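# Observations on chain architecture
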Amino acid sequence: MAKKALITGITGQDGSYLAEHLLNLGYEVHGLVRRVALEDPQRRLRRIGHIIDNLVLHPATLETYPSIFNVISRVPFDECYHLAAQSFVAESFNDGFSTMNTNINGTHYVLAALYELRRDCKFYFAGSSEMFGKVHETPQTENTPFHPRSPYGISKVAGFDLTRNYREAYGMFCCNGILFNHESPRRGYEFVSRKITSTAARIKLGMTEELAMGNLDAQRDWGHADDYVKAMHLMLQQPEPDDYVISMGETHTVREFCELAFGEVGLDYRDYVKVDERFYRPAEVQVLLGDSSKARRQLKWQPTHSFRDLVKEMVQIDMEEAPHYGRRGEDQGKR
Ligand code: G4F
């Protein structure tokens, strides 16, 4: 019998890579999607368009408990990957209330429904390196204290604690992944990596002239989403539930990302990148660097894409896709 997995956030970058991975492993893959996504499949289901016929999609919302309860009552899931969230840190400063609501209550609803209906279903929570925030030590490990610096980071700490508490209170198989930044050509245009690669491509193609950026000195430990979703699956195959840092173990500045991306298309970023204070955050996470030795040792997890390869792949795909962006890509690139 094929294992049954439920992915919340299946239409996002990570959800789409994870769905592909689980299908390849022979899973029956179910996804929770918002009803509006089903009404606009061309745009909202674009990341899973190539595998959609092999998926079972359930319209639901993370905003109410009955909606989640309904989906979980329908199928005897073996594994649940809870990836859905408001995941854009800058937006969480604009509307902390909705970020908290979706990210904290949504997680609580899923855990509570599993507790009621499927206590044996294994659960993965998408924790984040944003939880380390104003870092207490470098590199960050599973034992580094959290000090979140945004409503998003705070909501992820709450999700982390909820997950650990269902594990400790009820003996459920609940794991937290503490994933550092992970990117790909499927990344949303508002995140810094895709903003840089898509705009570098559009500048090269003569579609725009400059790139307005915030803090160029912020440092991130960037990996490839395709590698990171494999760690999520590995966590749920272990004999005991636990929490794991997933990272590359190297950090780069946003400036370096710009340099590499523009270099890929033969341009010097200094001629095009302008600093615009509108993109600064009220509180910044200045530097992140993860130590994933526990995951490498216990999960035997190993990333396969280097930072350079990641940037190169993203720029190449954006050079192919940019002519088809139209206004949408342009607007999103400006966030
Ligand atoms: O790409 P970012 O928006 O990602 P951020 O804030 O690090 O969060 C991402 O990674 C987390 C894991 O640590 C996830 F949990 C989270 O969901 C998300 O996927 O920004 C990266 C850095 C920041 O320091 C930001 O201030 O880039 C800096 N930056 C500088 N200029 C900019 C810009 N970020 C964006 N989005 N846009 C800019 O113009």
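Throughout what follows, the structure given in this document is the object of discussion. Throughout, residues of each chain are indexed from 1 in the direction in which the sequence is written. Local features are withheld for residues below a pLDDT of 70 in this predicted model, meaning they are given only at 70 or higher, and side-chain atom pairs are given and counted only at 80 or more; totals for whole chains, interfaces and linings count all residues. Side-chain measures here rest on the full set of heavy atoms in the structure, leaving out hydrogens and waters.

## What about the overall build of the chain?
Stated formally: Under the scheme used here, helices are H or I runs from DSSP no shorter than 4 residues and strands are E runs no shorter than 2 residues, and both carry numbers assigned from the N terminus. C-alpha atoms define the radius of gyration in this analysis, and the globule rule sets the expected value at 2.2 Å times the number of residues to the power 0.38. Between two residues, a contact is recorded if the distance between any of their heavy atoms is within 4.5 Å. Residue exposure ignores everything except the shown protein chains as possible cover, and the areas themselves are Shrake-Rupley values with a 1.4 Å probe. Here the positive residues are Lys and Arg and the negative ones are Asp and Glu; neither His nor the chain ends is included. The atom standing in for a charge is NZ when the residue is Lys, CZ when it is Arg, CG when it is Asp and CD when it is Glu.
When helices and strands are counted, the chain shows 13 helices and 13 strands. What you see for the chain is a C-alpha radius of gyration of 19 Å, in line with the 20 Å of a compact globule of 335 residues. Overall size of the chain, expressed as C-alpha extent along the three principal axes, is 60 × 45 × 40 Å. Within the chain, contacts between residues separated by at least 24 positions form 80% of all contacts whose residues are at least 6 apart in sequence. Total accessible area computed for the chain in this model is approximately 14,600 Å², and 47% of it derives from carbon and sulfur atoms. For the chain, the distance from the average site of its 40 positive side-chain charges to the average site of its 46 negative ones is 2 Å.

## A few points about the pairing of strand β1 (residues 4-8)
This is how it is decided: Per-residue accessibility, obtained with a 1.4 Å probe over protein chains only, is compared with the maximum for each type, and a residue is labelled buried under 20%, exposed over 50%, and partly exposed between these values. Crossover handedness is defined by viewing with both strands directed away from the observer: a clockwise path from the first strand over the helix to the second marks the crossover as right-handed. Should DSSP find at least two bridges between two strands, the strands are regarded as paired.
The element β1 is largely enclosed, with a buried count of 5 among its 5 residues. Neither face of β1 is left uncovered, since the one carrying Lys4, Leu6 and Thr8 and the one carrying Ala5 and Ile7 both have all their residues buried. Where the polypeptide runs from β1 across helix α1 (residues 13-24) and back to strand β2 (residues 28-33), its parallel neighbour, the crossover connection is right-handed. The pairing of β1 with strand β4 (residues 79-82) spans 4 bridges and is parallel. Directly across from threonine 8, in β4, lies its bridge partner histidine 82.

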